[in-house]
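Below are the chains, spelled out letter by letter.
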Amino acid sequence: MNKNKQIEVAVGQTVKRLRLARGKTVTSLSAQAGISQAMISRIEKGQVSPSLATLAALAEALEVPVMALMAQANDTSDVHHVKAGQGLPSHRVAQDHVHEYLLLGKHGGPGGTFQSARIRITADQAGTLPRYQHEGYAFIYVISGAAVYTCGPERFDLSPGDTLSFDTKLDHGFAEITGTYIEFITVSARPD
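Residues numbered from 1 in each chain as written. Predicted model: local features only at pLDDT ≥ 70, side-chain atom pairs only at ≥ 80, totals over all residues. Heavy atoms only, no water.

Visitor: Run through the layout of surface pockets, naming residues and quoting values.
Guide: Estimated volume of the largest pocket: approximately 520 Å³. Lining the largest pocket are 29 residues, and of these Arg92, Ile119, Tyr132, Thr186 and Ser188 lie nearest its centre. Residue contributions to the lining of the largest pocket peak at eight residues, all from strand β7 (residues 172-190). The residue inventory of the lining of the largest pocket, partitioned by class, reads 15 nonpolar, eleven polar and three charged. (1 Å grid on protein atoms, 1.4 Å probe; cavity = no way out; pocket = protein on both sides within 12 Å on 5 of 7 lines; lining within 4 Å. Points joined across faces, edges and corners; volume = space filled by probe spheres on them. Helix = DSSP H or I, 4+ residues; strand = E, 2+ residues; numbered from the N terminus. Nonpolar A, V, L, I, M, F, W, Y, C, P; charged D, E, K, R; others polar.)

Visitor: Tell me about helix α3 (residues 37-44), and please be specific about residues and values.
Guide: Turning to α3, its buried residues are Ile40, Ile43 and Glu44. For α3, the angular spread of buried residues about the axis comes to 95°, placing them on one side. The elements touched by buried residues of α3 are α1 (3-21), α2 (26-33) and α4 (52-62). One or two steps after α3, the chain reaches Gly46, where phi turns positive at roughly 70°. (Buried < 20%, exposed > 50% of the residue type's maximum accessible area, 1.4 Å probe, protein only. Arc of directions from axis to C-beta. Contact = heavy atoms within 4.5 Å.)

Visitor: Mind laying out the packing of aromatic side chains, listing which residues take part and the relevant values?
Guide: Summed over all chains, the structure comprises three aromatic pairs. Consider the rings of Tyr149 and Phe174, whose centres lie 4.7 Å apart with planes at 85°: the pair is edge-to-face. Here Tyr149 is found in strand β4 (residues 137-151), whereas its partner Phe174 is found in strand β7, with 25 residues between them in sequence. On the basis of relative accessible area, Tyr149 is assigned to the buried category, the value being 5%. Taken together, a centroid distance of 5.0 Å and an interplanar angle of 55° make the contact between Phe174 and Phe184 tilted. Each member of the pair, Phe174 together with Phe184, is buried. Lying over the aromatic face of Tyr181, Arg120 brings its terminal NZ or CZ to 4.0 Å of the ring centre. (Phe/Tyr/Trp six-rings, centres within 6.5 Å; stacked < 30°, edge-to-face > 60°. Lys NZ or Arg CZ within 6 Å of the ring centre and 35° of its normal.)

Visitor: Which residues make up the pairing of β4, and what values do they have?
Guide: Direction of pairing for β4 relative to strand β6 (residues 163-167): antiparallel, over a ladder of five bridges. Within β6, the residue paired with Tyr137 across the bridge is Asp167. (Pairing = 2+ DSSP bridges.)

Visitor: For the side chain of Ser30, give the residues involved together with the corresponding values.
Guide: Its place among the elements puts Ser30 in helix α2. Its relative accessible area of 12% is what places Ser30 among the buried residues.

Visitor: Give a description of the environment of Lys16 that names residues and reports values.
Guide: Relative to the helices and strands, Lys16 resides in helix α1. Remark: the alpha-carbon pair of Lys16 and Lys45, spanning 29 residues in sequence, is separated by 8.8 Å.

This is the structure in structure tokens:
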């Protein structure tokens, strides 16, 4: 089976799976999306390559992003289960900055990438704290310690129990470790 046919079949399987999961019939999906029943049937059988406009109409009727219809449906998915206190030990070294972290999970695919980590930065090894700026979103949960974090021009004093979530197109990063260390969980997602 050629690559285009594989994509048509995968899109069709995804449309059918989502339609059934939402309790919709071909008739009701047809009415909501403004697409003929025959076309939906052909799409679900992988017999046609739908236009972007058709995919957009189906996605809106199924209440999912268009990219969800194009995600490859296969029989495998990655699942990471990390027991308390465990993870993949990692060491980040940049010019004049070092910190340790435990990678807790990482996933990637057509929709983008996702990563979570438990990070500890000590004031004596912090050096020049790195700055970041990219597409996506981030979430930070402070476990212990204290620091100042900046997102664009805003400064946030972080202490245990605090959270911070933000659009990563803003220039961001720790400005200062105000105690002897900061330990936190971070979750970040980036589009493809």
